[in-house]
Amino acid sequence: MIEALKELFRGGARKSGMVIALLFLVLLFNWLTDGLVVTPGNAQSIIFGNAHILVMTMGMVMVIIAGHIDLSVGSVAAATGVIVAVATRDWGVPWWAGILLGLAVGALIGAWQGFWVAYVGIPGFITTLAGMMLFRGLHLYISREAGTNVRVPQEMWFIGSGHLPEWGPDTGLNNSTLLLGVIGIALVVWVEFRKRATAKRLEGKPLSTALSLLRAGGLSVVLGYLTWLFGSGRPGTSFPVTGLILLVIAGIYWFLSTKTITGRNVYAVGGNRAAAALSGVNIKRTNFLVMLNMSLLASVAAILFISRSRTTGPADGTGWELDVIAAVFIGGAAVSGGIGTVTGSLIGGLVMAVLNNGLQLMSVEAPQTNMIKGLVLLAAVAFDVYNKVQGRPSIIGRITDSFRRSPTAPTAPAPTKPTA
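All of the points below concern the structure found in this document. (Residues numbered from 1 in each chain as written. Predicted model: local features only at pLDDT ≥ 70, side-chain atom pairs only at ≥ 80, totals over all residues. Heavy atoms only, no water.)

Brief notes about the environment of A186
Logical step 1: Position of A186 relative to the elements: it lies in helix α8 (residues 175-203).
Logical step 2: Between the alpha carbons of A186 and A216 there is a distance of 9.8 Å; along the sequence they are 30 residues apart. (Helix = DSSP H or I, 4+ residues; strand = E, 2+ residues; numbered from the N terminus.)

Concerning the side chain of S75
Logical step 1: Tracing the sequence through the fold places S75 in helix α4 (residues 73-90).
Logical step 2: With a relative accessible area of 2%, S75 lands in the buried category. (Buried < 20%, exposed > 50% of the residue type's maximum accessible area, 1.4 Å probe, protein only.)

Focus: a nonpolar patch on the surface
Logical step 1: A cluster of nonpolar side chains, namely L244, L247, V248, I252, W254, F255 and L256, defines an oily patch on the protein surface of about 610 Å² accessible area.
Logical step 2: Counting through the fold element by element, V248 comes out in helix α10 (residues 241-259). (Patch = residues over 30% accessible without salt bridge, like charges linked within 9 Å, V, L, I, M, F, W, Y side chains within 5 Å. Areas by Shrake-Rupley, 256 points an atom, 1.4 Å probe, with all protein chains shown as cover. Salt bridge = Lys/Arg side-chain N within 4 Å of Asp/Glu carboxyl O.)

Considerations on helix α14 (residues 320-330)
Logical step 1: Buried residues dominate α14, accounting for nine of its 11 residues.
Logical step 2: Of the residues making up α14, those classed as buried are W320, E321, V324, I325, A326, A327, V328, F329 and I330.
Logical step 3: Just downstream of α14 lies G332, where phi reads positive at about 120 degrees.

So, the packing of α4 against helix α6 (residues 124-146)
Logical step 1: Viewed as axis vectors pointing N to C, α4 and α6 meet at an angle of 25 degrees, and their least axial separation amounts to 8 Å. Between α4 and α6, the angle is such that the two are roughly parallel. Crossing geometry of α4 relative to α6 is assigned as left-handed. Here α4 contributes G74, S75, V76, A78, A79, V82, I83, V86, R89 and D90 to the contact with α6, which in turn contributes G131, M132, F135, R136, L138, H139, I142, S143 and A146.
Logical step 2: Split into classes, the residues belonging to the contact of α4 with α6 amount to 11 nonpolar, five polar and three charged. (Axes fitted to C-alpha atoms, helices over the stretch in contact; angles between N-to-C directions. Parallel < 35°, antiparallel > 145°, perpendicular 65-115°, else oblique. Left-handed = near helix turned anticlockwise from the far one by under 90°. Contact = heavy atoms within 4.5 Å. Nonpolar A, V, L, I, M, F, W, Y, C, P; charged D, E, K, R; others polar.)

Here's the deal with the pattern of salt bridges
Logical step 1: Considering all chains together, one arrives at three salt bridges under this definition.
Logical step 2: Note that D90 and R89 form a salt bridge whose closest N and O atoms lie 2.7 Å from each other.
Logical step 3: Since its relative accessible area comes to 42%, D90 is described here as partly exposed.
Logical step 4: Here R144 ties to E145 by a salt bridge, and the two come within 3.4 Å at their closest N and O atoms. Per residue, the accessibility class of R144 equals that of E145, and both read exposed.

Have a look at this one:
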């Protein structure tokens, strides 16, 4: 069992460092607030209030892996949101068509910025800085012409502030949330069986049974607790619809980033542009796609946000890019590119979400909150850089390594000293 524990923290669960940091923050703030953090209502509030940021982290991590940065995401989201609201209120566009229009606008903006980055050669920092000003101005212009606050259709409210519905017999929990938890646990067990089968096929023997039980059992316990937490709130509440949308998008982007040629190309371009070009990677196409994808996800975030707030306002999107970029770097992305994961960015986003929520529950004012968030970001990156300088594997490296190679892959034997 001791060996299994060592393998658990050395191998496939190397991302546990950030998970432990997240758990520590939850327990710390729960203690400081006399139990206000770990409650069904507050857990739901964390998802409702941060789903739009978490969605954008999945696009931003791809941009940063490719060696760029996008400063315009908040402005793009604000402009997209007000266009959707005005279209559904004033142009007679149905709510579902308004959503499609918003996604199309986001993709068009992304194609615009991707063109300048990929085919003209303007650095992403400059292109998106211009985009931040351009689309912020567009948002304010439309808001001024249409009214300061534009109300969105009632049909969209469920997307941003709805809960999974109740059905079936009385189980003491919301049955939709219960079903979601059961599916999650089943996926964990299935993935572990797949890992064991793969190890047996490649190495002739399965993974340690104790390791598999620790890994699958630990994740199942966590999922079971979260199922109880979200499903045991007051009647009419359950796991948020925005959370379900977030999970679906996370699954799609995990697959795209780890199992597709496009995902591998993004890592190749960010890791070594010259080597990627020599390997046949289309650099321009890859850069174009990551910028387009970022703005598309910003439009998704805008739809989630305006559906929750039910109106648009002049402050929409302000400062979002800072929270998104901070979450991605806290989650393990490297400033130089080539390193980062969708899972890590989501964990980093949750760290920022819990930090914001805990400080808010403690009635800490905005100036102090921003100072603390800045110090957390600086400390996370500085600690990682320190470990690299010392020649030790960094926490970030440990997090990302398990996604780059199988934990069961055989290691090369140590070189032997030549004999005379």
